[in-house]
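Coordinate inspection notes
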Amino acid sequence: MPHKTTNLIHSVPVDELTGSISVPIYQTATYVQEAPGVNKGFDYGRSNNPTRLALENIVAKLEGGSAAFAFATGLAAIDAVLKTLKTGDEIIAVDDIYGGAYRLFTHIYEKFGITIHYVDTTDADNIRDYISSKTKLVWLESPTNPTLKISDIKKITSIAHAKGALVVVDNTFASPVAQQPFKLGADIVIHSGTKYLGGHSDLVAGLVVVNTPELAEQIKFIQNASGGILGPQDCWLVIRGIETVTLRVERQCKTALQVAEFLQSCEEVENVYYPGLPSHKNHALAREQQNGLFGGVISFSLKEDTEEAAIAFVTSTQYFKLAESLGGVKSLVCHPAQMTHKSIPQEKRLQSGIANSLIRLSCGIEEAEDLIADITQAFEKIRKQETIEVFN
Ligand SMILES: *Cc1c(COP(=O)(O)O)cnc(C)c1O
């Protein structure tokens, strides 16, 4: 059996027609038919496209699933899974859920009579209080965004399956390099391809991966019926990104661990959230569940727990660019309370541990030493400014 990166690279097919080593971009809306209904397996651009099919096959393989479906964004992928539900159904979701998923669940799907219970899934037993025959999905992210909580996917899956509920894992933060939820019993895997899979902050994309023919049929139907597909150019870009995902993610994880250790030693810093640190509540579980790779994202809060202090930091870094998103080759910094998690009410935000001063870093592929130097100069700059203010 070849190693996983070798396998991955060679799961990108060579074009049979021309020998093109790069997957061709089929930029077409429709396909000419020999007679009505007689075609080469492709009939209309929304229903199917060879470039999209290539991407979907690669991602299915990467996650160890049986089929994958590519959508215009991560949220469109999440939306497609929600559309398998009907009025009266219930979801148990991780309380620290991605802000956009919270907005979609609460402001769109509750309107259609779907109930969502937000639960702290870091203790798997908590879901027992909410699970019933109405529960259709248990929705997990591990690590979560932005406080990087870890949930025991295997244990939660066994509780959910006993009640007939499916387990969905949004695997965006771990990436398939660090974590393969199907191996832990999950039923559906979601990716925002915008992040590690694409890896270059140059596109938005989403994927749903399944491991049964029944689920594949349902998602395929919804993909075609609702139409939120990913266009062929972007499918090609995600394939191109995936070819280096192992290299990038391994590097980003290594860098993030060094940066997280450094942050712990900074006097301005109150708490550092990173599953790779022994101080993290579920460090041991993370190590086991994520093959010793803890991701490229770190969050930390400041001793001076104000939005102003956080804003001073995020506007003082040079390599860490102030922007939403994560997982790309360039490092990013963001202030969740004012950016990614603005749509979550403050009270709920504080409850799930997103302090006013919480800052999220996404480590890119720069050298760790340079990123650490950037953090150092940002804190120094803030200190100097404070001194000037005092003297004025
Ligand atoms: C970014 C993200 C999404 C949404 O993906 P988009 O491509 O921005 O629509 C969903 N889940 C997680 C965990 C994310 O980080």
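Residues numbered from 1 in each chain as written. Predicted model: local features only at pLDDT ≥ 70, side-chain atom pairs only at ≥ 80, totals over all residues. Heavy atoms only, no water.

As a further point, take the overall build of the protein. What the protein contains, in helices and strands, is 13 helices and 12 strands. The C-alpha atoms of the protein give a radius of gyration of 22 Å, which matches the 21 Å a tight globule of 392 residues would have. Counting the 392 residues in the protein, one finds 54% classified as buried. Considering only intrachain contacts with a sequence separation of at least 6, the fraction spanning at least 24 residues in the protein is 72%. (Helix = DSSP H or I, 4+ residues; strand = E, 2+ residues; numbered from the N terminus. Rg over C-alpha atoms; globule rule 2.2 N^0.38 Å. Buried < 20%, exposed > 50% of the residue type's maximum accessible area, 1.4 Å probe, protein only. Contact = heavy atoms within 4.5 Å.)

Moving on: the site of the ligand. Lining the immediate environment of the ligand, one finds 13 residues, of which Gly74, Leu75, Asp170, Thr194 and Lys195 sit closest. Separating an oxygen atom of the ligand from a side-chain N or O atom of Ser192 is a distance of 2.9 Å. In this structure, Lys195 approaches the ligand through a side-chain N or O atom, which is 2.7 Å from an oxygen atom. Contact with the protein chains covers 93% of the free accessible surface of the ligand, which is 380 Å². When residues of the shell around the ligand are assigned to their parent elements, the largest contribution, 3 residues, is made by helix α3 (residues 74-82). When the residues that make up the shell around the ligand are grouped by side-chain class, the tally is 5 nonpolar, 5 polar and 3 charged. (Near = heavy atom within 4 Å. Polar contact = N/O pair within 3.5 Å; in protein donor to acceptor, adjacent residues only side chain to side chain. Areas by Shrake-Rupley, 256 points an atom, 1.4 Å probe, with all protein chains shown as cover. Nonpolar A, V, L, I, M, F, W, Y, C, P; charged D, E, K, R; others polar.)

Moving on: the sheet that holds strand β6 (residues 188-192). With mixed pairing, 7 strands are arranged side by side in an open sheet as β1-β7-β6-β5-β4-β2-β3. Looking at which strands have only one partner, the edges of the open sheet turn out to be β1 (67-71) and β3 (115-119). Across the sheet, the mean angle separating the axes of adjacent strands is 20° when strand polarity is ignored. As defined by bridge partners, strand β2 (residues 90-94) adjoins β3 across 5 bridges and the pair is classed as parallel. Among the inter-strand pairings, Val94 is bridged to a residue of β3, identified as Val119. Packing of α3 onto the sheet brings it into contact with β1, β2, β4 (135-141), β5 (166-170), β6 and β7 (206-210), and relative to β6 it is tilted by some 155°. (Pairing = 2+ DSSP bridges. Axes fitted to C-alpha atoms, helices over the stretch in contact; angles between N-to-C directions.)

Now for the pairing of β5. The buried count for β5 comes to 4 of 5 residues, which makes it a mostly enclosed element. When β4 meets β5, the two strands line up parallel, connected through 5 bridges. Bridge pairing in β5 links Leu137 to Leu166. Crossover connection from β4 via helix α5 (residues 153-162) to parallel β5: handedness right-handed. Alignment of β5 against β6, held across 3 bridges, turns out to be parallel. By the bridge assignment for β6, Asp170 is matched with Ile190. (Right-handed = clockwise from strand over helix to strand, strands pointing away.)

Structurally, Gln218 can be placed in helix α7 (residues 213-226). Considering only alpha carbons, one finds Gln218 and Ala80, 138 residues apart in sequence, at a separation of 9.4 Å.

Here the focus is the domain arrangement of the protein. Its domain assignment divides the protein into domain 1 (4-242) and domain 2 (246-391). Distance from the C-alpha centre of domain 1 to the C-alpha centre of domain 2: 27 Å. Where domain 1 abuts domain 2, roughly 3100 Å² becomes buried across the two surfaces, and 58% of that area is made up of carbon and sulfur atoms. Put simply, domain 1 and domain 2 have 0 salt bridges between them. (Domains from an automatic or database assignment. Buried area = accessible area lost by both parts, 1.4 Å probe. Salt bridge = Lys/Arg side-chain N within 4 Å of Asp/Glu carboxyl O.)

Further remarks concern the sheet that holds strand β8 (residues 269-273). Across the sheet, 5 strands lie side by side as β8-β9-β12-β11-β10; this open sheet has mixed pairing. With partners counted over all chains shown, the strands left at the sheet margins are β8 and β10 (321-322), one partner each. Here β8 pairs with strand β9 (residues 297-302) via 3 bridges, running antiparallel. Bridging across to β9, Val272 finds its partner in Phe300.

Ranked by internal contacts, the top residues of the largest apolar core, which has 35 residues, are Leu55, Val238 and Ile242. For this core, the secondary-structure elements that each account for two or more residues are α2 (50-63), β1, α6 (175-178), β7, α8 (232-242) and α9 (245-264). Considering each element in turn, this core owes the most residues, 6 residues, to α2. The two domains that each donate at least three residues to this core are domain 1 (4-242) and domain 2 (246-391). If we ignore the near neighbours within four places in the chain, the residues touching Leu55 are Ala70, Leu207, Leu230, Cys235, Val238, Ile239 and Ile242. Counting 33 residues, the second-largest nonpolar core is a separate cluster that includes Val81, Ala93, Phe105 and Ile344. (Core = buried A, V, L, I, M, F, W, Y, C linked by side-chain atoms within 4.5 Å.)

Turning next to the packing of α3 against helix α4 (residues 99-109). Across the interface, α3 lies against α4 with an axial gap of 10 Å and an inter-helix angle of 40°. The angle between α3 and α4 places the two elements in the oblique class. The way α3 lies across α4 gives a crossing that is right-handed. Two secondary-structure elements touch here, α3 through Leu75, Ile78, Asp79 and Leu82 and α4 through Gly100, Ala101, Arg103, Leu104, Phe105 and Tyr109. (Parallel < 35°, antiparallel > 145°, perpendicular 65-115°, else oblique. Left-handed = near helix turned anticlockwise from the far one by under 90°.)

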